[in-house]
Amino acid sequence: MEKEDITAPYHRNIEEIEKMPILDRTMTVCPECKLVIEGIIYKDGENVMIRKHCPEHGWFIEKYWEDYDMYMKMRSLNYFGRGIDNPNYAVTGENCPFDCGLCDRHKSHTGLANVVVTNRCHLSCWYCFFYAKEGEPVYEPTLTELKHIFKNLRSQKPIPPNAIQITGGEPLLRPDIEDIIYAAKEAGFDQIQLNTTGIVLSQKPGLAIRLRHAGTSTLYMSFDGVSKRANPKNHWEIPIILNEARKANLGIVLVPTVIRGINDQELGQIINFALNNIDIVRAVNFQPVSLVGRMPDRLREKQRITIPGAIKLIEEQTHGVIAKEDWFSVPYAGGINKFIEALSGEFKYDLSIHFACGAGTYIFLDSDGKVIPITRFVDVEGLLDSLQKAVNEMEGKNKIERKIIALRTLMGIKKFIDKNKQPKSVNFTKLLLSIFIKRDFASMAALQMKTLFLGMMHFQDEYTYDIHRVEKCDIHYAMPDGKVLPFCTFNVFPEVYRDKIQRAYSIPSKEWEAKHPGWTYASDKYHRDVKSLESNELYKKTYLEMKDYLGVMNKVQMPQTIIEKEVEK
Amino acid sequence: MNKEDINTNGFLNDLNNNEDFNEIIEIDGNQYRVPYRKVKEITINVDKKDLIDMPHSTRLQYRLLLNDAILRARVEFIKGKITIVYNPTDAVNRKPKISRDEIIKILNENGVKVEKDKIEERDLDYVEEIYKKQFEPQQIRESVPYGYTKEEWKKYKDAFWSKVDKNNKSKLESFKEWQKYYESQHPDIFGTIKEKIKLKKGSNGKGFWFHGI
Ligand code: SF4
Ligand code: SF4
Ligand SMILES: [Zn+2]
């Protein structure tokens, strides 16, 4: 059968669509007027789609998940978290998503807290609406104000977040960035990510070391592809950044935004690039693009890619080394934490986001250069199922009975691990037991040196919007007015959240300029010297001497992309 | 903010009129920028029919919030009640302002009739009643660990929380130790350190990266 055009599911008539099997119903918004309307999730061939109808603006059809089988598999492990006991805005939340937040109804505690430390940026990406442009107010909370925000986050009950991402703008434009990071450490955050282009690190030798010293755990760094075409943002600086991070022993998470037709041909290459730098790259976190704001329908349909869409491309590009069966959704990991909690009686992190929001897997680079996804030697589903059964069984039992159930479960772990297939360099059963029994996460951290975490998160936009997802969101922005906002309300409705609040708490440009004599909007900007960067030895070594672990190199060059055209302009 | 916004909401005028207004407040010796002081809250009882249904009430709330001078809006369909906190025209601050009549106009435009005698209005101290409360939220319920009953939890929760406190303190101490070690590894940046520093097990300052997001 001839393959259908990928945009075909958008263009069927509604009578035909209404006959398709319904998988779920949720609440969503009209992209035009934000009326809360029903979203019907249905099966269209192998795609899972969402349709909605606004009485004023008609039908909207969007891809929800581009794989029916994965959708069915992942949704079986969805669960509700507990929310927080002391919500910052204690309203009931019946007007979700406009009652943030966090309101009384929200279902997940903050898993990763985002804190914006500036809206100044040294780049001016054409698609970005966020950074302060000429004459606009500057949003830059003082260190004291940031401490206030950190403390607010850490007072969340019963589970305060222990992971934070310092973000911007470009956070490295702040001269006091080290103090900010140390303040987050002092506030009790264990995992401090710095969201940066990394470019400043390439300009200031030694800064990476000082940032690591201050408490930075990882750089969370945009990386849209291996080629110049796919990654005009920081392609040329990456080799120097990696080198600086290496000297500092500062881990890196590569963060590609995946856009169909723009950089989707390089997903395998990106993973291969990460494997080549596995001593310092801890993870690749793919973000299928969120198409917020207005754009022509045709373009949206063409550029749309969802989590399974990206996963299938990875399978194709890596020739099945990393296949779609190797991925699991984030709430899977919640099952492990629940087990530890039920066993120890101590609150553990909940990973209770919606299954459609995020997926991940671990891959191991074995001593012989073979790449092995965790699922090839661990029956993850079987393992989680047995842990969940134990949690249920432990309910209401006394301490001794609980211990017996746990012990029996742990004894059974062996059967979920295929010793013959596990990487030669790891004993996985031993590792899991030491996590469960001694709660020794250090061994896990050591293991991470030979592993690469592959993650995906598909941030929402008005078209894909699903209130069942956002009410469970655990990626939150902490605001200067004391509110805590889910990522996918903060960024999807900036007019009532992000921009509105930051505008209120910004410093008028005149005042900012008066306080920073000599500073101008232009003086923040970065100017690239391509020639000198390309002639750098590190550049050649990084890009030209890569090993091909996945059979992904020498792929056809990409056609000129929209981004590149813009850059040329 | 684009130019039109600046003009329509009188932002520039506010900026000029209240040039001397100091946004900085002090709490426990710390200074914070807070843009509002005295603001107003109105509560309006309306006909539920005008609100149509819950989704339309939610959208009305969104439409109210679109206005920078409306700091909070709640449209409660079930109670037929609208509560709005706004920055009134006579407030002394540098932010966009709105009058009660303008708010009523927005409601009317959205099909909600407002009877003057069904409006209650009060002054509200933004710092005390909003800002501080959002930074020190009340506990409204108490969760218990999975698989435990409230009774069981009651017995050991104090011990649990004091253990958490202790852990937090020792975490920072071991991080500081790790810092010293790290300094000794990078004399080019931190200068030469004479004493020999060994890294204690577990104090690698790395934290456990698990979330993947
Ligand atoms: S997204 Fe969460 S915090 Fe926001 S209104 Fe919905 S439930 Fe409340
Ligand atoms: S940020 Fe968006 S995509 Fe991620 S968990 Fe929250 S709602 Fe889901
Ligand atoms: Zn509409």
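Residues numbered from 1 in each chain as written. Chains lettered and ligands numbered in written order. Predicted model: local features only at pLDDT ≥ 70, side-chain atom pairs only at ≥ 80, totals over all residues. Heavy atoms only, no water.

Chemist: Can you help me understand the overall build of chain B in this one?
Modeler: Each helix and strand counted, chain B has eight helices and six strands in total. N-terminal to C-terminal, the α/β element order of chain B is α-α-β-β-β-α-α-β-β-α-β-α-α-α. The 213 residues of chain B split such that 46% are buried. When contacts within chain B are restricted to residue pairs at least 6 apart in sequence, long-range pairs at least 24 apart make up 57% of them. (Helix = DSSP H or I, 4+ residues; strand = E, 2+ residues; numbered from the N terminus. Buried < 20%, exposed > 50% of the residue type's maximum accessible area, 1.4 Å probe, protein only. Contact = heavy atoms within 4.5 Å.)

Chemist: Would you take a moment to explain the coordination of the zinc ion (ligand 3) for this structure?
Modeler: Geometry sets the ideal angles at a metal, namely 109.5 degrees for four tetrahedral donors and 90 or 180 degrees for six octahedral donors. Residues and elements named next belong to chain A. Summarising the metal site, the zinc ion (ligand 3) is bound by the protein donors Cys30 (SG), Cys33 (SG), Cys54 (SG) and His57 (ND1), whose distances to it range over 2.1 to 2.3 Å. The coordination sphere of the zinc ion (ligand 3) comprises four donor atoms, whose angles at the metal cover 106 to 112 degrees; the geometry is tetrahedral. Written as a sequence motif, the donor residues of the zinc ion (ligand 3) are C-x2-C-x20-C-x2-H. Pair noted here: Cys30 is in the loop between β1 (22-29) and β2 (36-44) and His57 is in the loop between β3 (47-54) and β4 (58-65), with a separation of 27 residues, a long-range link. Since its relative accessible area comes to 0%, Cys30 is described here as buried. Overall, the relative accessible area of 34% leaves His57 in the partly exposed class. (Donors = N, O, S within 2.8 Å, 3.2 Å for Na, K, Ca; no water. Tetrahedral: all angles 85-135°; square planar, octahedral: opposite > 155°, others 65-115°.)

Chemist: Explanation requested: the pattern of salt bridges in the structure shown.
Modeler: Opposite charge on two side chains permits them to pair, given that their charged atoms come into close proximity. Enumeration according to the criterion identifies 58 salt bridges over all chains in this entry. Here A:Arg304 makes a salt bridge to A:Glu62, at a shortest N to O gap of 3.0 Å. Residue A:Arg304 is located in the loop between α9 (297-303) and α10 (307-317), and its partner A:Glu62 is located in strand β4; the two are separated by 242 residues in the primary sequence. A:Glu62 carries the same exposure label as A:Arg304, and that label is buried. A:Asp85 is the salt-bridge partner of B:Arg141, the closest N and O atoms lying 3.8 Å from each other. In this pair, B:Arg141 is assigned in the loop between α6 (126-135) and α7 (150-185) and A:Asp85 in the loop between α2 (68-75) and β5 (112-116), connecting two distinct chains. The exposure class of B:Arg141 is partly exposed, given its relative accessible area of 30%. (Salt bridge = Lys/Arg side-chain N within 4 Å of Asp/Glu carboxyl O.)

Chemist: Whenever I open this one, the site of ligand 2 confuses me. Can you help?
Modeler: The local shell around ligand 2 consists of A:Ile353, A:Cys357, A:Met457, A:His458, A:Phe459, A:Gln460, A:Arg469, A:Cys473, A:Ile475, A:Phe487 and A:Cys488. Its residues placed into classes, the shell around ligand 2 shows eight nonpolar, two polar and one charged. (Near = heavy atom within 4 Å. Nonpolar A, V, L, I, M, F, W, Y, C, P; charged D, E, K, R; others polar.)

Chemist: Where do I start with the site of ligand 1 in this structure?
Modeler: If you check the shell around ligand 1, you find A:Cys96, A:Asp99, A:Cys100, A:Leu102, A:Cys103, A:Arg105, A:His106, A:Val470, A:Glu471 and A:Pro486 and nothing else. Counted by class, the shell around ligand 1 contains six nonpolar, one polar and three charged residues.

Chemist: What am I meant to see in the packing of aromatic side chains here?
Modeler: Pairs of aromatic rings are described using the distance from one ring centre to the other and the angle between the two planes. Under the defined criterion, the tally for this structure stands at 33 aromatic pairs over all chains. Taking the centre distance of 6.2 Å and the plane angle of 75 degrees together, the rings of A:Phe150 and A:Phe189 count as edge-to-face. On the criterion of sequence distance, the pair formed by A:Phe150 in helix α3 (residues 143-154) and A:Phe189 in the loop between α4 (177-186) and β7 (191-196) is long-range, its members being 39 residues apart. Taking 5.0 Å as the distance between ring centres and 65 degrees as the angle between the ring planes, the aromatic pair formed by B:Tyr36 and B:Tyr126 counts as edge-to-face. Separated by 90 residues along the polypeptide, B:Tyr36 in the loop between β2 (30-33) and β3 (38-45) and B:Tyr126 in helix α6 bring together distant segments of the chain. We note that B:Tyr36, like B:Tyr126, is buried. By way of ring pairs, the aromatic residues A:Phe347, B:Tyr148, B:Trp153, B:Tyr156, B:Phe160 and B:Trp161 are connected into one cluster. (Phe/Tyr/Trp six-rings, centres within 6.5 Å; stacked < 30°, edge-to-face > 60°.)

Chemist: Is there a simple way to think about the interface of chain B and chain A in this case?
Modeler: Put simply, an interface is often sized by how much accessible area is lost when its parts join up. Every contact between the two is made by 75 residues of chain B and, on the other side, 103 residues of chain A. Each partner contributes to the roughly 8,000 Å² buried at the junction of chain B and chain A, and carbon and sulfur atoms together form 55% of this total. Counting every contact that joins chain B to chain A gives 11 salt bridges. For the pair chain B and chain A, the number of links is 40 residue pairs in polar contact (both at pLDDT 80 or more). Among the secondary structure elements, those contributing two or more residues to the side of chain B that touches chain A are β2, α4 (54-65), β4 (70-76), α6, α7 and α8 (187-190) of chain B. Here the side of chain B that touches chain A gets 15 residues from one element, more than from any other, and that element is α7(B). Looking at the side of chain B that touches chain A residue by residue, the classes come out as 37 nonpolar, 19 polar and 19 charged. (Buried area = accessible area lost by both parts, 1.4 Å probe. Polar contact = N/O pair within 3.5 Å; in protein donor to acceptor, adjacent residues only side chain to side chain.)

Chemist: What's the story with the pairing of β3(B) in this structure? I'm lost.
Modeler: Regular strands place side chains that alternate from one sheet face to the opposite one. All names here are of chain B. Of all eight residues in β3, six are buried, a share of seventy percent or more. Both β3 and strand β6 (residues 119-125) contribute to a ladder of seven bridges, which runs antiparallel. By the bridge assignment, Thr43 is partnered in β6 with Glu120. Pairing between β3 and strand β5 (residues 81-86): six bridges, direction antiparallel. Bridging from a neighbouring strand, Ile44 pairs with Ile82 of β5. (Pairing = 2+ DSSP bridges.)

Chemist: How do you make sense of the domain arrangement of chain B when you look at a structure like this?
Modeler: By the assigned domains, chain B splits into domain 1 (34-141) and domain 2 (150-204). In this structure, domain 1 of chain B and domain 2 of chain B have C-alpha centres spaced 47 Å apart. (Domains from an automatic or database assignment.)

Chemist: In this structure, what is going on with the sheet that holds β3(A)? I would like to understand it.
Modeler: Strands belonging to one sheet form pairs held by backbone hydrogen bonds; the direction of such a pair is parallel or antiparallel. Residues and elements named next belong to chain A. Reading across from one edge, β1-β2-β3-β4 is the order of the four strands in this open sheet, with antiparallel pairing throughout. Two strands close off the open sheet at either side, each with one partner strand: β1 and β4. Taking each pair of neighbouring strands and ignoring which way they run, the sheet shows an average axis angle of 30 degrees. For β2 and β3, the ladder comprises six bridges, and the chain directions are antiparallel. Paired with Gly39 across the strands is Lys52, a residue of β3. (Axes fitted to C-alpha atoms, helices over the stretch in contact; angles between N-to-C directions.)

Chemist: Help me out: how do you make sense of the confidence of the model for chain A in this one?
Modeler: Detailed reading of the predicted coordinates is not advisable wherever pLDDT is low. Chain-level statistics for chain A give a pLDDT mean of 90 and a share of 95% at 70 or above. Considering only residues more than four positions removed or in separate chains, one finds that residues 556-564 of chain A, a stretch of pLDDT under 50, has 22 contacts. (pLDDT = per-residue confidence, 0-100.)

Chemist: Looking at this structure, I do not really get the packing of helix α11 (residues 331-344) of chain A against helix α13 (residues 399-411) of chain A. What am I missing?
Modeler: Helix-helix packing: each pair is described by the crossing angle between the helix axes and the interaxial distance. All names here are of chain A. Running from N to C, α11 and α13 cross one another at 145 degrees; their axes reach a closest spacing of 9 Å. Listed contacts from α13 to Phe339, Ala342 and Leu343 of α11 are Arg402, Ala406, Thr409 and Leu410. For the contact of α11 with α13, the class distribution of residues is five nonpolar, one polar and one charged.

Chemist: Help me understand the side chain of A:Glu471, please; the structure alone is not making it clear to me.
Modeler: Residue and element names in this part refer to chain A. Within the element layout of this structure, Glu471 appears in the loop between α16 (467-470) and β16 (475-478). Overall, Glu471 belongs to the buried group, its relative accessible area being 7%. What Glu471 contacts, discounting residues up to four positions off in sequence, is Phe80, Arg105, His106, Lys107 and Ser108.

Chemist: Please explain the domain arrangement of chain A as it appears in this structure.
Modeler: Residues and elements named next belong to chain A. One can read the domain layout of chain A as domain 1 (8-69) and domain 2 (320-457). Taking only C-alpha atoms, the centre of domain 1 and the centre of domain 2 are 35 Å apart. At the boundary of domain 1 with domain 2, total buried surface from both sides reaches about 330 Å², with 55% on carbon and sulfur atoms. Three residues stand out in domain 1 for area buried against domain 2, namely Tyr64, Trp65 and Asp67, and they jointly supply 90% of the buried area on that side. Summed over the shared surface of domain 1 and domain 2, the result is one salt bridge. Taking the shortest distance from any N to any O, the salt bridge between Lys324 and Asp67 comes out at 2.9 Å. At the boundary of domain 1 and domain 2, one finds two residue pairs in polar contact (both at pLDDT 80 or more). A class-by-class count of the residues in the side of domain 1 that touches domain 2 yields two nonpolar, no polar and two charged.

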